[in-house]
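Read off the chains here:
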There are 2 protein chains.
Amino acid sequence: MTDPTHVSNRRRLDDAPLLVAANGGTPEHTPVWFMRQAGRSLPEYRRVREGVPMLRACLTPDLVCEITMQPVRRHGVDAAILFSDIVLPLYAAGVGLDIVSGTGPVVNQPVRGAADVAALPQLEPEHVEGVSEAIRLLLGELGRTPLIGFAGAPFTLASYLVEGGPSRNHERTKALMHSDPETWHALLGKLAETTLNFLRVQVDAGVDAVQLFDSWAGALSPRDYVTYVQPHTSRILRGIAEYTGGEVPRIHFGVGTGELLGAMHESGADVLGVDWRVPLDTAVSRIERRGASRPVVQGNLDPAVLFADWQAVRGETERILAEGESAGGHVFNLGHGVLPDTDPEMLTRLVDFVHSHRG
Amino acid sequence: MTDPTHVSNRRRLDDAPLLVAANGGTPEHTPVWFMRQAGRSLPEYRRVREGVPMLRACLTPDLVCEITMQPVRRHGVDAAILFSDIVLPLYAAGVGLDIVSGTGPVVNQPVRGAADVAALPQLEPEHVEGVSEAIRLLLGELGRTPLIGFAGAPFTLASYLVEGGPSRNHERTKALMHSDPETWHALLGKLAETTLNFLRVQVDAGVDAVQLFDSWAGALSPRDYVTYVQPHTSRILRGIAEYTGGEVPRIHFGVGTGELLGAMHESGADVLGVDWRVPLDTAVSRIERRGASRPVVQGNLDPAVLFADWQAVRGETERILAEGESAGGHVFNLGHGVLPDTDPEMLTRLVDFVHSHRG
């Protein structure tokens, strides 16, 4: 923490629309980027990934740089999102797991008890030197476009570890949480530490914002979220604020988290992502009822609407831009990640439309 | 509609806790039943289903009767739910589809355009005589326990038909909805008619309540729900009220529908099912803000919590019973269907606890 290098690489991009909006200011246009913009919807992505396993790709600097740049070049989005994977820090730290095509992450030895938790390795910066190097390459390529760092949140990581892979219902995870809270909190504490380390590495390398993605938090009741998850998420988000002196905006998002928005915002999010189920003005007033004033939100076009015609996409986009006006700032995005079969030309057209739109 | 038989088979069960609660009265104890209580969590179910395909089972009266009775005998729940499947009325009407183990319903010829919609067969009562006969058998077995009829709602049926099977993102369904609203409304109109016919058959045979289950409605933004789905759901729920003179309570439920609760209640639900993500008191105030006073709710224990120890299950159940007190009536249930690996003894214990609980 006394080493000042963690701010030295960061560019000064004070008028970048993403950062202006994240800080509650008035950007020259509504900033727009897309979760999973760097990925399967792009033929140039599929080309460079051919034959390269996902996790190896995430640790290969020139590949990460190229894949992260592709949607910036093609769509003219207002931010690059670091190409990565939620389980990457676990894998890099030495947890035995792989991403199996058609299934998702598969963990060799699921974590089910206190001894498993004690044996979990922690991430150290040297485990992810490929990520640091990728970020350094990106800073040379991006021009004035901000780079968003990325990490998965502890609940989602815990679910993969406890279930041994993707789970629809998270039975074992919730059983552990409720039946053995001590082991649960030990597990989430370790995962929070790993996540914080991973994000600090990205900050040191020069990212301009971070997104903490809790894919599965929406599977929790509000009480479970507040009791078993929020303290750990909060430790990460507040840890990043401390580490950067508040200079790197923290975006936080989970799918299906309509009832958790207030608590997620309180965890220390500068920008709260909202899925397409909750209109942005509803989200804003729900967060405000918890005491925050004029929160900044991100979202929330239903990614499936991109399969309809342009007229429908434009209509929904106009609705969302109007609903976003009640917020203290609005970063336009989808309400979840880009679906693999999305027509990339629709995304480009959407970026142009958001940029040209006058509220 | 002039044939009075549709009320003649129904038993008089005026003091049954389920019906008292559904009608806003004060039952002798909080009624409790479980969505998917008749199914894979029970070894006696797996035994009788061995070698019998799902849809054939749903049309075999003595099998439907036995499976529907199993959880009533074992757990002492306050209602039986007719053993059926969401796609049954489509299958019975002649739509080419099958339930494929490990996948779900698979439709031979997906419905993608106006001609496909025009060609869809409608359900006639004679297609589901097996269901009527099963209900008649059940009335002789159930004693004083009410029987809840069951049907899937039009959006969910449409998604299966348009996608050709289960879908995570409903891309084609939403594309059709937005790009060709005329065909969409024609499709949902036909599905509403089939669903209404199917529920009328069940009412004629003597069910005491109905549950309209919209599995996937929670995938819709509130605007899409209100524009493209609610009119059709409403037609079914109001159609049943007319058909029965309001004597058969209508339960309506969908997963992940926190933002839709007001609209779903307005569609004509007497009892609104709430999933575990939304605390019942939050659900009640959300519905009340839409103008309804003291709505009756059903739910909402997270089915995954049943994998924790009894102390955790009891704690969550107490919370839910307390939150349910703000409603005009509370039917205890899970916040989604029973998961296949649930320990049935946990369900029995839960029923006993809810019955013995004093608010």
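Residues numbered from 1 in each chain as written. Chains lettered and ligands numbered in written order. Predicted model: local features only at pLDDT ≥ 70, side-chain atom pairs only at ≥ 80, totals over all residues. Heavy atoms only, no water.

In the annotation of an unreviewed UniProt entry, chain A is listed under the name Uroporphyrinogen decarboxylase and assigned to Actinopolyspora erythraea. UniProt, in the comment section headed Subcellular location (unreviewed entry), describes chain A in these words: "Cytoplasm". Note on chain A: under the UniProt heading Sequence similarities (unreviewed entry), the record states "Belongs to the uroporphyrinogen decarboxylase family." (UniProt positions renumbered as here; feature names shortened; annotations may be inferred.)

Peer 1: Outline the overall build of chain A, supporting the account with residue identities and numerical values.
Peer 2: The number of helices and strands found in chain A is 16 helices and nine strands. Against the globule reference of 21 Å for 359 residues, chain A gives a C-alpha radius of gyration of 19 Å, in line with a compact fold. When the 359 residues of chain A are sorted by exposure, 65% land in the buried category. Look at the contacts in chain A between residues 6 or more apart in sequence, and 77% of them connect residues 24 or more apart. With an accessible surface of roughly 12900 Å², chain A has 47% of that area assigned to carbon and sulfur atoms. (Helix = DSSP H or I, 4+ residues; strand = E, 2+ residues; numbered from the N terminus. Rg over C-alpha atoms; globule rule 2.2 N^0.38 Å. Buried < 20%, exposed > 50% of the residue type's maximum accessible area, 1.4 Å probe, protein only. Contact = heavy atoms within 4.5 Å. Areas by Shrake-Rupley, 256 points an atom, 1.4 Å probe, with all protein chains shown as cover.)

Peer 1: Quick rundown of the packing of aromatic side chains? Include the residues and the values.
Peer 2: Residue and element names in this part refer to chain A. According to the stated counting rule, one finds 12 aromatic pairs over all chains in the structure shown. Pairing Phe155 with Trp184 gives two aromatic rings, centres 6.2 Å apart and planes at 55°, and the pair type is tilted. Pair noted here: Phe155 is in helix H9 (residues 154-163) and Trp184 is in helix H11 (residues 181-205), with a separation of 29 residues, a long-range link. Exposure remark for Phe155: the relative accessible area of 0% places this residue in the buried category. Relative to Phe353, the ring of Trp310 has its centre 5.8 Å away and its plane inclined at 80°; by these criteria the two rings are edge-to-face. With Trp310 in helix H15 (residues 310-323) and Phe353 in helix H16 (residues 344-356), this pair connects stretches of sequence that are 43 residues apart. Note on Trp310: relative accessible area 13%, which makes it buried. Classification of Phe353 as buried rests on a relative accessible area of 15%. By the ring-pair criterion, three or more aromatic residues cluster together here, those being Phe150, Phe213 and Phe253. (Phe/Tyr/Trp six-rings, centres within 6.5 Å; stacked < 30°, edge-to-face > 60°.)

Peer 1: Give me the lowdown on the UniProt feature "domain: Uroporphyrinogen decarboxylase (URO-D)" (unreviewed entry) in chain A, citing residues and values where you can.
Peer 2: Residues and elements named next belong to chain A. Within this structure's numbering, the places UniProt gives as "domain: Uroporphyrinogen decarboxylase (URO-D)" (unreviewed entry) are residues 31-40 and 148-164. Structurally, residues 31-40 comprises 0% helix and 0% strand, and the distance from its first C-alpha atom to its last is 23 Å. Overall, residues 148-164 shows 59% helix and 29% strand. The separation of its end C-alpha atoms is 29 Å.

Peer 1: Tell me about the interface of chain B and chain A, and please be specific about residues and values.
Peer 2: Facing the 37 residues of chain B at the interface are 37 residues of chain A. Both sides together, the interface formed by chain B and chain A hides about 2900 Å², and carbon and sulfur atoms give 52% of it. When the buried surface of chain B facing chain A is broken down by residue, Arg223, Glu259 and Arg277 of chain B rank first, second and third, together holding 19% of it. Counting across the interface, chain B meets chain A through six salt bridges. For Glu259 of chain B, the salt bridge goes to Arg286 of chain A, with nearest N and O atoms at 2.8 Å. Taken together, the connections running from chain B to chain A amount to 12 residue pairs in polar contact (both at pLDDT 80 or more). Elements that contribute at least two residues to the side of chain B that touches chain A include exactly helix H10 (171-179), helix H12 (222-244), helix H14 (280-289) and helix H15 (310-323) of chain B. Among the elements that line the side of chain B that touches chain A, the one with the most residues is H10 of chain B, at five residues. Classifying every residue of the side of chain B that touches chain A gives 14 nonpolar, 10 polar and 13 charged. (Buried area = accessible area lost by both parts, 1.4 Å probe. Salt bridge = Lys/Arg side-chain N within 4 Å of Asp/Glu carboxyl O. Polar contact = N/O pair within 3.5 Å; in protein donor to acceptor, adjacent residues only side chain to side chain. Nonpolar A, V, L, I, M, F, W, Y, C, P; charged D, E, K, R; others polar.)

Peer 1: Can you explain the relation of the copies chain B and chain A? Please cite residues and give values.
Peer 2: When chain B is fitted onto chain A, the two copies agree to an RMSD of 0.0 Å after a turn of 180° and an axial shift of 0.0 Å. Overall, the copies show the geometry of a two-fold rotation axis. Both copies present the same face, since 100% of the interface residues in chain B are matched by interface residues at the equivalent positions in chain A. (Least-squares fit on C-alpha atoms with pLDDT ≥ 70 in both.)

Peer 1: Could you give an account of the nonpolar core, naming the residues involved and the relevant values?
Peer 2: Ranked by size, the top nonpolar core spans 126 residues in total, and within it Trp33 and Leu187 of chain A carry the most contacts. If one sorts the elements of this core by residue count, H11 of chain A sits on top with 11 residues. When residues no more than four places from it in sequence are discounted, the contact partners of Trp33 of chain A are Leu18, Val77, Ala79, Ile81, Ile148, Gln211, Ile251, Gln298, Val331, Phe332, Asn333 and Leu334 of chain A. In terms of nonpolar packing, the next biggest core, distinct from the first, is built from 125 residues, Leu82, Leu261, Val331 and Leu334 of chain B among them. (Core = buried A, V, L, I, M, F, W, Y, C linked by side-chain atoms within 4.5 Å.)

Peer 1: Would you mind going over the side chain of Ser132 of chain A in detail, with residue names and values included?
Peer 2: Take Ser132 of chain A: it is sitting in helix H8 (residues 129-141). Apart from the residues lying within four places of it in its own chain, the contact partners of Ser132 of chain A are Val201 and Ala205 of chain A.

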